[in-house]
Amino acid sequence: MESSKQNIILEAKNITKYFYDPVKVKVLNDISFAIKRSEFVSIIGKSGCGKSTLLYVLSTMDSDYEGDLFIDGENMRGRKEKFLANIRNEKIGFVFQFHYLLKEFNVLHNVMLPALKLNLKSKEAIELDALNKLDMLGIKNLAVKKPNQLSGGEKQRVAIARAMINDPLIIMCDEPTGNLDKKNSSIVFDIFKRLSTEQGQALLVVTHDPQFAEDTNRIIEMEDGRIIRQ
Amino acid sequence: MNYSLIISVSKSLLIAKWKQTLIAAIGVMIAIAMFIALLSFMTGLNIMLDGLILNRTAHIRLFKEIKPNPVQPADNYFGSGHNFISSLKSNTARTEIYNNAAISKALQNDNRVAGSTERITTQAFISYGVIDINAVVNGIDVAKEAALFSFNDYIVKGNPADLNNIPNTIILGKALAERMTVNTGDVIQATSVAGIRYQLKVVGLFQSGINDFDKVQCYASIITTQKLLNKPENYITDIGVRLKDMSMAPAMAKEYMQIFETDAEDIQSANAQFETGSRVRSVISYSVGIVLLLVAGFGIYNILNMMIYEKMDSIAIMKATGFSARDVRWVFMGISMGIGIFGGIAGLIFGFVFSNVIDQIPFHTSALPTITTFPVNYDLRFYIIGISFSLITTYFAGWIPSRKAGKVDPVIIIRGK
């Protein structure tokens, strides 16, 4: 019992959320589940079922909800914005449908940015880390390029490298393959698989793609703000 | 907070949008440059105009006023009580300052005093050919007058030191000399109120810029004037005192009046209207400068606002990956302050250049014969005020947009894609 509790990285307890505009709508209804270390979880469901909303609540970016959210054993409710920002910086990695790379910086600097913010290692060490991550994703040769010189699949891989740079406990993805063709999708999937098995990182992926979800460890299916299968 | 990271992000955003940045910085630069040029020029002009009066006027003038003796024999004879004396007349028998050597010495030892000089003022007729003109002859110590009251700046012809070096010499006001068609080297005849006539050689011409003044004023050495009046060597009618701090003049005038038992007039009561003009000019220059900076501030505000809309994505991902609202705010404050610093420094340089250009423009005035170009006051204070203003304005111009950037909700941006 004790060991399984320690293995839990993220736990949602009775999370309920409303949208108020234009009328009060319950978008998340009493959601409870937990994610363990190195688990590869996907959330599927129809458009508008609340899966992205759930992801943003779990990511701590959205703090307007009822219920409790534990990340690495700490309750996130009612915490200050700065505290939550530090949690995101240190313990969560993000990959979105859009890459959100800063076009003013080159690839390497984009990957380094969250680690520079965390400010635990020297700049040289961070640079080495970033090059290692890029190497792991097979795009080390792109390090000095600017994001606008990259293809869509390459950009997404840079975004994944950025999500990995601080070795977070969990990487959260919102439609990471939504903009990618089949070949690039499978590359991204393989990377995620390797992350969970080799690095022991948990992955929480919101996706539309049933084939993508099929190959994950665990599928959470949502409908109308409720979990109907997990 | 990791300042070096914040600064490096600000710098990258600044450089990425270098055209907008440049325009904003140019706005600040022009404001600061104009501010400095305007103030340097205005205060230069102020100092020059003030100098017209201040430089040649004694801060405190010690003299003996022509007035009835306050202690009348009747008071001594009848003792206390009130005595009515009718037909009381002023007495001009002794217009000199008693014991003036001791007073001069006491003034020399007073460390509030920058210097003092003795003078004799008297009326005389100046005759040349058939003309007699009434004039005021000032007996002066040329070296001291030059040191304390910039006497030499107003000599348009001749050498003022000749007053001391050559006996029986005089310097005439330029307007007076023109009326009589006298030039340097000519000999005029002066007749004093004592009825004594002297042949005096004209060694120089004097121009104060105030024509009425130049029509009646003449300068001779103290000894020449004493001879003209047939007075002994200790005859002095005025002592001009220049203070280290002009604002002390009223209080010190009262003090001297008591100690030296003479009359004393301070420059503030003699020229009361005078400071108002310079103050109004300063206020105008400062307001124009501040308005220019405000306009530049609004420019920065606008550009930062635009930049925040363009950089919504970057702000969203920065917040998602762990930058707090405060970090984001400081990134944008960094941009604003960067514009302020570079615009400000460029403004200082251009302000100096503009002042220099103004300083080269020819400017001739009869008031000040020694001045040939526009007066400019290179005061370090304007540069310090300029750079502080630029930093303060850009700080406040950046404040509201930066707060806005800090409040961006990443969820809304990311969902929108």
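Residues numbered from 1 in each chain as written. Chains lettered and ligands numbered in written order. Predicted model: local features only at pLDDT ≥ 70, side-chain atom pairs only at ≥ 80, totals over all residues.

K.L.:
Looking at this structure, I do not really get the overall build of chain B. What am I missing?
P.N.:
A tally of helices and strands in chain B yields 16 helices and ten strands. The C-alpha radius of gyration of chain B comes to 33 Å, more than 25% above the 22 Å expected for a compact globule of 417 residues. Along the first, second and third principal axes, the C-alpha atoms of chain B reach 105 × 60 × 35 Å. Each of the 417 residues in chain B was classed as buried or not, and the buried ones make up 40%. (Helix = DSSP H or I, 4+ residues; strand = E, 2+ residues; numbered from the N terminus. Rg over C-alpha atoms; globule rule 2.2 N^0.38 Å. Buried ≥ 20, exposed ≤ 12 C-beta atoms within 10 Å, placed from the backbone.)

K.L.:
Just to check I follow, could you spell out the overall build of chain A for this structure?
P.N.:
On a plain count of helices and strands, chain A comes out with eight helices and ten strands. Against the compact-globule benchmark of 17 Å for 230 residues, chain A has a radius of gyration of 17 Å, which places it among compact chains. Each principal axis of the C-alpha distribution contributes one length, and for chain A these read about 50 × 40 × 35 Å. Residues counted as buried form 47% of the 230 residues belonging to chain A. Taking all contacts inside chain A whose residues are at least 6 apart in sequence as the whole, residues at least 24 apart take part in 71%. (Contact = placed C-beta atoms within 7 Å.)

K.L.:
What am I meant to see in the pairing of strand β4 (residues 66-71) of chain A here?
P.N.:
The two faces of the sheet receive side chains in turn, since in a regular strand these alternate between them. All names here are of chain A. Across five bridges, strand β1 (residues 8-19) lies against β4 in antiparallel orientation. Among the inter-strand pairings, lysine 13 is bridged to a residue of β4, identified as aspartate 68. Direction of pairing for β4 relative to strand β5 (residues 74-75): antiparallel, over a ladder of two bridges. Opposite phenylalanine 70, over in β5, you have asparagine 75 as the bridge partner. (Pairing = 2+ DSSP bridges.)

K.L.:
It is not clear to me how the interface of chain A and chain B should be interpreted in this structure. Could you clarify?
P.N.:
Where the parts come together, the accessible area they lose is often given as the size of the interface. Residue-level contacts link 23 residues of chain A with 22 residues of chain B. Looking at the side of chain A that touches chain B, the elements that each hand over two or more residues are α2 (51-58), α3 (81-91) and α4 (107-118) of chain A. Of the residues forming the side of chain A that touches chain B, the biggest block, six residues, is contributed by α3 of chain A. Here the residues of the side of chain A that touches chain B are counted per class, giving twelve nonpolar, five polar and six charged. (Nonpolar A, V, L, I, M, F, W, Y, C, P; charged D, E, K, R; others polar.)

K.L.:
Which parts of the structure should I look at to understand the pairing of strand β1 (residues 60-63) of chain B?
P.N.:
Residues and elements named next belong to chain B. Where burial is concerned, the two faces of β1 agree: the one with Ile60 and Leu62 and the one with Arg61 and Phe63 are both buried. As paired strands, β1 and strand β9 (residues 238-243) are joined by four bridges and run antiparallel to one another. Paired with isoleucine 60 across the strands is valine 241, a residue of β9. Here β1 pairs with strand β10 (residues 263-266) via four bridges, running antiparallel. Within the sheet, the bridge partner assigned to isoleucine 60 lies in β10 and is aspartate 266.

K.L.:
Help me understand the sheet that holds strand β8 (residues 202-206) of chain A, please; the structure alone is not making it clear to me.
P.N.:
Two orientations exist for strands paired in a sheet by backbone hydrogen bonds: parallel and antiparallel. Residue and element names in this part refer to chain A. One open sheet holds the six strands; their spatial order is β6-β7-β8-β3-β9-β10, and the pairing between them is mixed. Of all the strands in the sheet, just β6 (92-95) and β10 (226-229) have a single pairing partner and so form its edges. The mean angle between the axes of side-by-side strands here comes to 25°, regardless of whether they run parallel or antiparallel. Alignment of strand β9 (residues 218-223) against β10, held across three bridges, turns out to be antiparallel. Bridge pairing links glutamate 223 to arginine 226 in β10. (Axes fitted to C-alpha atoms, helices over the stretch in contact; angles between N-to-C directions.)

K.L.:
Quick question: what am I supposed to make of the domain arrangement of chain B here?
P.N.:
When cut into domains, chain B gives domain 1 (3-54 + 275-416) and domain 2 (60-70 + 91-270). For domain 1 of chain B versus domain 2 of chain B, the distance between C-alpha centres works out to 52 Å. (Domains from an automatic or database assignment.)

K.L.:
Got a minute to help me understand the sheet that holds strand β2 (residues 25-36) of chain A in this structure?
P.N.:
Spatial strand order, β2-β1-β4-β5 (chain A): four strands in an open sheet with antiparallel pairing. Edge positions in the sheet fall to β2 and β5 of chain A, since each has one partner strand and no second.

K.L.:
Explain the nonpolar core to me, please; I cannot follow it from the model alone.
P.N.:
Soluble, globular proteins show a tendency: their nonpolar side chains are buried together. Of all hydrophobic cores here, the largest spans 122 residues; its most connected members are Leu203 and Leu204 of chain A. In terms of residues, this core owes the most to one element, helix α2 (residues 18-54) of chain B, which gives 14 residues. Not counting residues within four places of it along the chain, the set of residues in contact with leucine 203 of chain A comprises Phe40, Val41, Ile171, Cys173, Phe192, Leu195 and Ser196 of chain A. (Core = buried A, V, L, I, M, F, W, Y, C linked by C-beta atoms within 7 Å.)

K.L.:
So what exactly am I meant to see when it comes to helix α7 (residues 182-199) of chain A here?
P.N.:
Counting along an α-helix, one turn takes 3.6 residues, and residues three or four places apart therefore face a common direction. Residue and element names in this part refer to chain A. Here α7 contains 18 residues, and its C-alpha end-to-end distance of 25 Å stays within 8% of the 26 Å for a straight helix at 1.5 Å per residue. Of the positions making up α7, those classed as buried are Ser185, Val188, Phe189, Phe192 and Leu195. Projected down its long axis, α7 shows its buried positions confined to an angular sector of 115°, all on one face. The outward face of α7, more than 90 degrees from its buried face, is lined by the exposed residues Lys183, Asp190, Thr197 and Glu198. (Expected span 1.5 Å × (residues − 1). Arc of directions from axis to C-beta.)

K.L.:
So what exactly am I meant to see when it comes to the packing of helix α6 (residues 152-164) of chain A against α7 of chain A here?
P.N.:
Helix-helix packing: each pair is described by the crossing angle between the helix axes and the interaxial distance. All names here are of chain A. Look at α6 against α7: their axes get within 10 Å of each other, and the N-to-C directions meet at 15°. When the axes of α6 and α7 are compared, the pair comes out roughly parallel. Seen from above, α6 lies across α7 with right-handed handedness. Here α6 contributes Gly152, Gly153, Gln156 and Ile160 to the contact with α7, which in turn contributes Asn184, Ile187, Val188 and Ile191. (Parallel < 35°, antiparallel > 145°, perpendicular 65-115°, else oblique. Left-handed = near helix turned anticlockwise from the far one by under 90°.)

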